[in-house]
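Structural characterization, general
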Amino acid sequence: MKAHPKFIISGGGTGGHIYPAIAIANEIKAQLPDAEILFVGAQDKMEMQKVPQAGYKIKGLWISGIQRKITLDNAMFPVKFLSSLMKSRKIIKEFKPDVVIGTGGFASGAIVKVAQNMNIPTVIQEQNSYPGITNKMLAPKANAVCVAYDGLERYFKSKNIIKTGNPVRQDLLNIDEKREEGQLFYGLQKNKKTVVVLGGSLGARRINQLVEKELPLFKEQNVQVIWQCGKFYINEYKKYHNNEDVFVFDFIERMDLLFAAADVIVSRAGASSVSELAIVGKPVIFIPSPNVAEDHQTKNAKSITDKNAAVLLTEINLDSEFQEQMLRLLTNNQVAEALSKNIKTLALPNATKDIVKEIFKLVK
């Protein structure tokens, strides 16, 4: 491999695209400390903060997704996309990457598309059981399409599909050793069980409503709750913080310590979350978002629950089924341990290394 290879990585809009991208970058640097890495994202999205926090440079494109309803943003999409293509070409000419990697989102669509037109090797990484529109568009010309689920051949027009699993934060691989540190970090009592509730980085209204309604249940069961309600909802729910063993956060940085301290986890079923929770190996209740393309979160969750490795609850059944399922996991150690054991067998802990291996094959 050449000395000082250069990589552009792009993915954003949500944590589900950003954290896999950062995990790939970290693994590249771990294996090749002299590699140069540049991120490209959407200029007004969360990657513009999260990527620099992870220690990488990022350039922003003027791009946003298409809304389901008629908006000014939709009318501006062709202009924004053309602008992002032009800026992507400028970035590529100046940086001269050896490989361009996309993990999803409209910003990755622009930069990877331009790289393909300039005959620069590209890799795309699809996290979900149902691929996004950006990756479907890019797949035919990608040198490698790294996926986390079986059966994606039906969606991608590509012979270069490799099942690697999803990149995960490497600090999740040894959380069993961090339980005491996690309890101390979050101010938890060691003699009480801890329920962790995750609605995603932006938040999930229905899950937040559920947790608020079930606070008396958690108090009755004498359990602690760490509730990540999301940045859109923090002002509504912060009144419960540090009240009756309830801790409310808009965003959580130390996920490794959070998972280490958890006894039961309630989560959306985004692809990265599902992959990480398989490695974490704690009892999980998945509540898929119904507001995603082709209901792919339900498909993600079913890939786990069909193997008796987690509990799946639909939003429509939360009021009638949540208490029963939560009590079962809190009070029946045999059930909880079986779910933990089964979900661990589905983990693909070497995913990040396997993806980087495919990337390195393309460096000339």
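A brief structural summary. (Residues numbered from 1 in each chain as written. Predicted model: local features only at pLDDT ≥ 70, side-chain atom pairs only at ≥ 80, totals over all residues. Heavy atoms only, no water.)

**With respect to the side chain of threonine 194**
Cut-off, in case you're wondering: Each helix corresponds to a stretch of at least 4 residues labelled H or I by DSSP, and each strand to a stretch of at least 2 residues labelled E; elements are numbered beginning at the N terminus. Only protein chains enter the accessibility calculation, which uses a 1.4 Å probe. A residue is then buried if its area is under 20% of the maximum for its type, exposed if over 50%, and partly exposed in between. Polar contact is the term for a pair of N or O atoms within 3.5 Å; when the atoms are in protein, one must be able to donate a hydrogen and the other to accept it, and sequence-neighboring residues count only if both atoms are side-chain atoms. Only heavy atoms enter the contact rule, under which two residues are in contact if any of them lie within 4.5 Å.
Within the element layout of this structure, threonine 194 appears in strand E8 (residues 194-198). Overall, the relative accessible area of 1% leaves threonine 194 in the buried class. Within polar-contact distance, the side chain of threonine 194 engages the side chain of glutamine 224 at 3.1 Å. Setting aside anything within four residues of it in sequence, one finds threonine 194 in contact with Leu188, Gln224, Ile226, Ala261, Ala262, Asp263 and Val264.

**Points about the packing of aromatic side chains**
Condition: For this analysis, a ring pair means two rings from Phe, Tyr or Trp (six-membered ring only for Trp) whose centres lie within 6.5 Å, classed as stacked if their planes differ by under 30 degrees, edge-to-face if by over 60, and tilted for the remaining angles. In this analysis the charged atom, NZ for Lys or CZ for Arg, is taken to sit over a ring once it is within 6 Å of the ring centre and within 35 degrees of the ring normal.
If you walk through the whole model with that rule in mind, you get 7 aromatic pairs. Note on phenylalanine 39 and tyrosine 56: the rings are 5.4 Å apart at their centroids and 45° apart in plane angle, and the pair reads as tilted. Linking phenylalanine 39 in strand E2 (residues 36-42) with tyrosine 56 in the loop between helix H2 (47-53) and strand E3 (57-61), this pair joins segments that are 17 residues apart in sequence. An identical accessibility class is assigned to phenylalanine 39 and tyrosine 56; each is buried. Taken together, Phe185, Tyr186 and Phe249 form an aromatic cluster joined through their ring pairs. Against the face of phenylalanine 95 rests lysine 6, its NZ or CZ located 5.2 Å from the ring centre. The cationic tip of lysine 50 hangs over the ring face of phenylalanine 251; the distance from NZ or CZ to the ring centre is 3.8 Å.

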